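Single-letter residue listing:
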Amino acid sequence: MKRMPLVVMQSLTSLVSHMFFVFIAFWALQALKTDVWIKKYHIPQARTLYILISIAIGYTVSNFFIDFILSIQNLFFLF
């Protein structure tokens, strides 16, 4: 059985992390009372904005955690 190259493992980890945090952000945004901000008959635009905000927050948080983990790993190389 072949070993998976490091690049493939990093790519899969990043994809899973990004998707996980986008779903978490989407779930968390549902706690907001957004119906006050939405104009009448603009539901598709509101849903699109909701998804885009979820992607932006999830991607940012995912990058933070990935960078944090990589920084911790790099610290171990110093010792």
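In this text the structure is predicted, and so the values were computed from the model without any measurement.

**Student:** Got a sec to walk through the overall build of the chain? Specific residues and values, please.
**Tutor:** Each helix and strand counted, the chain has two helices and zero strands in total. For 79 residues, the compact-globule estimate of 2.2 N^0.38 gives 12 Å, and the chain exceeds it by more than 25% at 18 Å. Counting all 79 residues of the chain, 15% fall into the buried class. Partitioning the intrachain contacts of the chain with sequence separation of at least 6 by distance along the chain shows that 83% fall at a separation of at least 24.

**Student:** I'd love a proper account of a nonpolar patch on the surface, names of residues and values included.
**Tutor:** There is a patch of nonpolar side chains on the surface, built from L49, I53, I57, V61, F64, F65, F68, I69, I72 and F76 and spanning about 920 Å² of accessible area. Mapping I72 onto the fold places it in helix α2 (residues 43-78).

**Student:** Tell me about the packing of aromatic side chains, and name the residues and values.
**Tutor:** In this structure the tally under the stated criterion is five aromatic pairs. Aromatic pair F64 and F65: ring centres 5.4 Å apart, planes at 75 degrees, arrangement edge-to-face. F65 gets classed as partly exposed once you look at its relative accessible area, which sits at 36%. An aromatic cluster is defined as three or more aromatic residues linked by ring pairs; in this entry it consists of F20, F21, F64, F65 and F68.

**Student:** Provide a residue-level description of the environment of A56, including the pertinent values.
**Tutor:** Positionally, A56 belongs in helix α2. Spatially, the C-alpha atom of A56 lies 9.9 Å from that of F21, the residues being 35 residues apart in sequence.

**Student:** Describe helix α1 (residues 6-29), with residues and values.
**Tutor:** Across its 24 residues, α1 extends 34 Å between first and last C-alpha, which sits within 8% of the 34 Å expected from 1.5 Å per residue. Here α1 has its buried residues at S17, H18, F21, V22, A25 and L29. Summarising the contacts, the buried residues of α1 are in contact with α2.

Criteria and thresholds
- Residues numbered from 1 in each chain as written.
- Predicted model: local features only at pLDDT ≥ 70, side-chain atom pairs only at ≥ 80, totals over all residues.
- Heavy atoms only, no water.
- Helix = DSSP H or I, 4+ residues; strand = E, 2+ residues; numbered from the N terminus.
- Rg over C-alpha atoms; globule rule 2.2 N^0.38 Å.
- Buried < 20%, exposed > 50% of the residue type's maximum accessible area, 1.4 Å probe, protein only.
- Contact = heavy atoms within 4.5 Å.
- Patch = residues over 30% accessible without salt bridge, like charges linked within 9 Å, V, L, I, M, F, W, Y side chains within 5 Å.
- Areas by Shrake-Rupley, 256 points an atom, 1.4 Å probe, with all protein chains shown as cover.
- Salt bridge = Lys/Arg side-chain N within 4 Å of Asp/Glu carboxyl O.
- Phe/Tyr/Trp six-rings, centres within 6.5 Å; stacked < 30°, edge-to-face > 60°.
- Expected span 1.5 Å × (residues − 1).

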